[in-house]
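An overview of the molecular structure
Here are the chains, one letter per residue:
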Amino acid sequence: MLEHLVEITGHRDHELLDISVMSALMNMVGVEQACVLELFQSRGELLVRPRVRIAEGKVQAAQPESSAADNGEPIVAYPGLVSCIAQRRSRLEETRADGRHVLWIPMWQNDKVSTCLEIVHSQPFMPHMLQVMEGILSVYRNYQSLLEYSERDSLTGLLNRKTFDEKFSRLASARQSEPVDEHDRRQSGNIKTQWLAVVDIDHFKRVNDAFGHLYGDEVLILVANILRASFRAQDCIFRFGGEEFVVLLRSTTLEDARMVFERFRANVEKHAFPQVGCITISLGFAAITQETPVVILGHADQALYHAKDSGRNRVCHYDELVEQGLIGRSKQSESVEIFFD
């Protein structure tokens, strides 16, 4: 038990934490089949997708990080889970038609569920099994909460700056395995790639000066909410500090990326901010290539500053600006330095 507790609490990564918990359930309780399920919203629908599972005596990641689609199933496909959450229960046991026993265990955090365990066993769950599982999962629940808290910006609830490098590395490694010439990638709007966008609220200092920091904080919270509503569940959104945000957009074409970013810009522009009124944002974005995060951030930042210098409330693409001769292309990563609040 102590060895498993040390392993569970030694990670700073959700997937590794899931794997450690699954290993503990398999080795200590003899669980034959189990899955960590993630619950997420997409286009107004609550979906479920697997993260890590026990299958054939092995613990493995159930879903590759490179998945680009909203590839979950509607939660209605899991009636036992629906019933468990609707009744606000800590667990629910049901028996399938094949005689196997299923235990649903939602991980409640502040009256919400974003993770659930599905545990399958050939025999009914005995009291001692439930007791050991409850101990393991209590540690899992508490540590998951601490890990989530450490990754989030305290004001907006978005991912914070210190989680960026890890998320960026995963997204960069998920680029299409086929070698694609970067010149061809920039020329073709049909090639799917990953994108990085830098977002800045226009004239935010005026908001703080005119209305005070409380209204300024409310603007930041509302913009964060619009960001969540404008992007997919698998896209990563960060608050980098002050009024600056960063978006990692998973595999999509240039045309679709521009459409998504423009839709977000328009959503902010038409939103009525209490007391403050109209707020706009400027956005610069660039393709995620083999270059370092600092260089790609620099590219998006150059596009952002061009958007601001050319009138604000607009979206600019780095490669297009370079091709039009409006900005120069950075030659070396050493020439780019970015400082954030």
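Scope of this entry: the structure provided in the associated data block.

Parameters at a glance
- Residues numbered from 1 in each chain as written.
- Predicted model: local features only at pLDDT ≥ 70, side-chain atom pairs only at ≥ 80, totals over all residues.
- Heavy atoms only, no water.
- Helix = DSSP H or I, 4+ residues; strand = E, 2+ residues; numbered from the N terminus.
- Buried < 20%, exposed > 50% of the residue type's maximum accessible area, 1.4 Å probe, protein only.
- Contact = heavy atoms within 4.5 Å.
- Areas by Shrake-Rupley, 256 points an atom, 1.4 Å probe, with all protein chains shown as cover.
- Pairing = 2+ DSSP bridges.
- Axes fitted to C-alpha atoms, helices over the stretch in contact; angles between N-to-C directions.
- Expected span 1.5 Å × (residues − 1).
- Phe/Tyr/Trp six-rings, centres within 6.5 Å; stacked < 30°, edge-to-face > 60°.
- Parallel < 35°, antiparallel > 145°, perpendicular 65-115°, else oblique.
- Nonpolar A, V, L, I, M, F, W, Y, C, P; charged D, E, K, R; others polar.
- Salt bridge = Lys/Arg side-chain N within 4 Å of Asp/Glu carboxyl O.

What about the overall build of the protein?
A count of helices and strands for the protein gives eleven helices and twelve strands. Per-residue burial for the protein yields a buried fraction of 47% across its 341 residues. Residue pairs in contact within the protein that sit at least 24 positions apart in sequence constitute 60% of those at least 6 positions apart. In the structure as shown, the protein presents an accessible area of about 16800 Å², 50% of it carried by carbon and sulfur atoms.

Considering unusual backbone geometry
Leaving glycine aside, a negative phi is the common case for residues, and trans is the common case for peptide bonds. In the Ramachandran plot, Arg312 falls in the positive-phi region, its phi being about 65 degrees despite a non-glycine side chain. Here Asn313, not a glycine, exhibits a phi torsion of approximately 50 degrees, which is positive.

Details of the sheet that holds strand S10 (residues 244-252)
Pairing is mixed in the open sheet, where five strands are placed in the order S9-S10-S8-S11-S12. What marks the edges here is a single partner per strand, and that holds for strand S9 (236-241) and strand S12 (315-317). Shown here is a sheet whose adjacent strand axes are inclined to one another by a mean of 20 degrees, direction ignored. Of the pairings in the sheet, the one linking strand S11 (residues 281-287) to S12 comprises three bridges and is parallel in character. Counterpart to Leu283 in the pairing with S12 is Val315. Running at roughly 165 degrees to S11, helix H9 (residues 254-270) makes contact with strand S8 (193-201), S10, S11 and S12 of the sheet.

A closer look at helix H4 (residues 127-151)
Here H4 is 25 residues long and its end C-alpha atoms lie 36 Å apart, about the 36 Å a rise of 1.5 Å per residue gives. Among the residues making up H4, those that are buried are Met129, Leu130, Met133, Ile136, Leu137, Tyr140, Arg141, Tyr143, Gln144, Leu147 and Glu151.

Details of the packing of aromatic side chains
Taken as a whole, this structure holds ten aromatic pairs when the rule is applied. Between Phe261 and Phe285, the ring centres sit 4.9 Å apart and the planes meet at 50 degrees, which makes this aromatic pair tilted. Separated by 24 residues along the polypeptide, Phe261 in helix H9 and Phe285 in strand S11 bring together distant segments of the chain. Residue Phe261 shares its accessibility class with Phe285, and that shared class is buried.

So, the packing of helix H2 (residues 14-29) against H4
Remark: H2 packs on H4, axes separated minimally by 11 Å, with the N-to-C direction vectors making an angle of 170 degrees. Our classification of the angle between H2 and H4 gives roughly antiparallel. Contacts between H2 and H4 involve His14, Leu17, Asp18, Val21, Ala24, Leu25, Met28 and Val29 from the first element and Met129, Val132, Met133, Ile136, Leu137, Tyr140, Tyr143, Gln144, Leu147, Glu148 and Glu151 from the second. Here the residues of the contact of H2 with H4 sort into 14 nonpolar, two polar and three charged.

What to know about the pattern of salt bridges
Under the definition given, this model contains 13 salt bridges. A salt bridge links Arg96 to Glu118, with the nearest nitrogen and oxygen atoms 2.7 Å apart. Residue Arg96 is located in the loop between strand S5 (92-95) and strand S6 (101-109), and its partner Glu118 is located in strand S7 (residues 112-121); the two are separated by 22 residues in the primary sequence. Residue Arg96 is classed as partly exposed on the basis of its relative accessible area, which comes to 31%. When its relative accessible area of 13% is taken as the criterion, Glu118 is described as buried. Among the ionic pairs, Arg232 bridges to Asp235, the shortest N-O distance being 3.0 Å. Among the residues examined, Arg232 registers a relative accessible area of 23% and is labelled partly exposed. A residue is classified by how much of its surface remains accessible, and Asp235, at 7% relative accessible area, is buried. Put simply, Asp200, Asp202 and Lys308 are held in one network by salt bridges that share partners.

Concerning the environment of Met26
Within the fold, Met26 resides in helix H2. Given a relative accessible area of 22%, Met26 falls into the partly exposed group. Along the primary structure Met26 and Val59 are separated by 33 residues, whereas in three dimensions their C-alpha atoms are 8.5 Å apart. The contacts of Met26, once residues within four sequence positions are left out, are Val31, Ile54, Gly57, Lys58 and Val59.

Brief notes about the side chain of Ser20
Along the chain, the position of Ser20 falls in helix H2. Given a relative accessible area of 1%, Ser20 falls into the buried group. Once you skip the residues sitting within four places of it in the chain, Ser20 turns out to touch Glu7, Ile8 and His11.

So, to be careful, I would describe these as geometric facts and stop short of saying anything about function.
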